[in-house]
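Listed below, chain by chain, are the residues.
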Amino acid sequence: MAKELLGKPVIAALKEDLLGRIDALKSEGVVPALAIVRVGEREDDLSYERTALKRSEGLGVEVRRFVLPEDAGQAALMDVISQVNEDDSIHGCLIFRPLPRGYDEEAACEALDPAKDIDGIGRAALARVFTGRGEGFAPCTAAACLEMLDAYGIDAAGKRVAVVGRSLVIGRPVAMMLLERNATVTMCHSRTENLEAAVREADIVVLATGRAEAYGASCFREGQVVLDVGINVDAEGNLCGDADFDAAFEAVGEAGAVTPVPRGIGGVTTSVLMKHVVEAAEKSAFSRPCE
Ligand code: NDP
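Small disclaimer: the values here were computed from a predicted structure and weren't measured. (Residues numbered from 1 in each chain as written. Predicted model: local features only at pLDDT ≥ 70, side-chain atom pairs only at ≥ 80, totals over all residues. Heavy atoms only, no water.)

K.L.:
So what's going on with the site of the ligand? Which residues, and what values?
P.N.:
If you check the shell around the ligand, you find 20 residues, and the closest are Arg166, Ser167, Ser190, Gly210 and Thr269. Between the ligand and the protein, one listed contact pairs an oxygen atom with a side-chain N or O atom of Thr141 at 3.4 Å. At 2.7 Å from an oxygen atom of the ligand is found a side-chain nitrogen or oxygen belonging to Arg166. Looking at the shell around the ligand residue by residue, the classes come out as seven nonpolar, 11 polar and two charged. (Near = heavy atom within 4 Å. Polar contact = N/O pair within 3.5 Å; in protein donor to acceptor, adjacent residues only side chain to side chain. Nonpolar A, V, L, I, M, F, W, Y, C, P; charged D, E, K, R; others polar.)

K.L.:
A description of the sheet that holds strand β8 (residues 225-228) should follow, citing residues and the corresponding values.
P.N.:
An order of β1-β11-β8-β7-β5-β6 is seen for the six strands of this open sheet, with the pairing classed as parallel. Edge positions in the sheet fall to β1 (3-4) and β6 (184-188), since each of these pairs with one other strand and no more. One ladder, built from five bridges, connects strand β5 (residues 160-164) with β6; its direction is parallel. Across the sheet, the residue bridging to Arg160 is Thr184, located in β6. (Pairing = 2+ DSSP bridges. Helix = DSSP H or I, 4+ residues; strand = E, 2+ residues; numbered from the N terminus.)

K.L.:
Account for the packing of aromatic side chains, naming residues and giving values.
P.N.:
Inspection of the entire model under this criterion finds two aromatic pairs. Plain terms: the ring middles of Tyr48 and Phe96 are 5.8 Å apart, the flat faces sit at 65° to each other, and that makes the pair edge-to-face. Residue Tyr48 is found in helix α2 (residues 43-59), and its partner Phe96 is found in the loop between β4 (92-95) and α4 (105-111); the two are separated by 48 residues along the sequence. Taking relative accessible area as the criterion, Phe96 reaches 5% and is therefore assigned buried. Each ring, one from Phe245 and one from Phe249, has its centre 5.2 Å from the other, and the planes form 25°; the classification is stacked. (Phe/Tyr/Trp six-rings, centres within 6.5 Å; stacked < 30°, edge-to-face > 60°. Buried < 20%, exposed > 50% of the residue type's maximum accessible area, 1.4 Å probe, protein only.)

K.L.:
I'd like a rundown of helix α1 (residues 8-27), residues and numbers included.
P.N.:
With 20 residues, α1 ought to run about 28 Å at 1.5 Å a step, and its terminal C-alpha atoms sit 29 Å apart, in line with that. Restricting attention to buried positions, one finds in α1 the residues Val10, Ile11, Leu14, Leu18, Arg21, Ile22 and Leu25. Angular distribution of buried residues about the axis of α1 spans 110°; they occupy a single face of the element. Opposite the buried face of α1, at more than 90 degrees from it, the exposed residues are Glu16, Asp23 and Ser27. Packing partners of the buried residues in α1 comprise α2, α6 (140-151) and α10 (265-286). Directly beyond the C-terminal end of α1, a positive phi value near 80° is found at Gly29. (Expected span 1.5 Å × (residues − 1). Arc of directions from axis to C-beta. Contact = heavy atoms within 4.5 Å.)

K.L.:
Just give me the short version of the nonpolar core, but keep the residues and values in it.
P.N.:
By size, the foremost hydrophobic cluster in this structure holds 54 residues, and its most contacted members are Leu34, Leu178, Val206 and Leu227. Of the residues forming this core, the biggest block, nine residues, is contributed by α10. For Leu227, the residues in contact, after removing those within four places along its chain, are Leu5, Cys145, Met148, Leu149, Val205, Val206, Leu207, Thr259 and Ile265. Of all hydrophobic cores here, the second largest spans 19 residues; its members include Val205, Ala243, Ala248 and Val252. (Core = buried A, V, L, I, M, F, W, Y, C linked by side-chain atoms within 4.5 Å.)

K.L.:
Residue-level account of the pattern of salt bridges, with values.
P.N.:
Should the charged atoms of two oppositely charged side chains come close, the side chains can pair. Inspection of the entire model under this criterion finds 20 salt bridges. A salt bridge links Asp17 to Arg21; the nearest nitrogen and oxygen atoms lie 3.0 Å apart. Taken together, the residues span about one helical turn, with Asp17 and Arg21 both in helix α1 at a distance of four residues. Take Asp17: its relative accessible area is 37%, and that puts it in the partly exposed class. A relative accessible area of 13% means that Arg21 is categorised as buried. Notably, a salt bridge pairs Glu105 with Arg97, separated by 3.7 Å at the nearest N-O pair. A relative accessible area of 26% places Glu105 in the partly exposed class. Via salt bridges that share partners, Asp17, Arg21, Glu279 and Glu282 belong to a single interconnected network. (Salt bridge = Lys/Arg side-chain N within 4 Å of Asp/Glu carboxyl O.)

Such coordinate-based values are descriptive only and should not be taken to indicate function.
Next up, the structure:
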């Protein structure tokens, strides 16, 4: 039987590490604090917010919520971002996206202080991911994929990796981060010809397309590691990934491993968010460079 790569032990290990670091910060009089900026009441945002609040409570990370009505307008949003930037007691900020129609999302992302950009939404953070130079945090979901590989002792160096999906939130940054780790990366997208063959050839597959259970047995082979980032809803209304989990699980066999959805990468993303807040707080308290 293949191995199921569960998020739970990864989340527990991250928590243990962070609790010690948060204690050290608190002994210096610093309470790590996360600002959450939400415009409107999208159910996806509310769900992520609830998970973030729960995770932060368990760690002792403070959360300050800045909630605007959907019709608040760009000026009100920019004002909130300025407040966050100017408040030295806030170390990191999560702005829920996509913003409602009519907002200039790029302007909002660029307005956030790069030191507080813990989800890698601004150009400075992405430049760090793409060039390896400068400072800043990678987008949390992309970082969660690497966290997962590390926790299960899977070394990407020298391996063939297929990343399906090329968004700036997941596909592109995770490809760059794996390249940085000496993987040989193939990026696939909606225009890729013979995508199944590209995916089947890889040793490690990252699926990030948002297509419910679209990747079945013909995409996978013995021994692969499949990281399923997709969060979708199936025909019965249940959460599912981009992979047909049962088919992938069987195809990769005893030597392979697959992340389930839910209980896989999704929860690790929230822990990485907390890790980034703590790193940002450490940086401001101890002038420690971000990892
Ligand atoms: P986007 O819609 O921004 O990007 C989707 C990508 O998938 C695009 O690059 C698109 O290609 C590609 N794609 C679409 N159709 C196909 C196809 N038929 N074959 C190959 N590639 C295709 O989505 P996101 O990157 O924001 O999110 C992807 C998934 O990850 C979603 O399910 C989302 O819910 C989930 N997610 C999970 C998170 C977590 O914490 N686990 C966090 C954030 C998102 P093209 O560029 O050519 O259009």
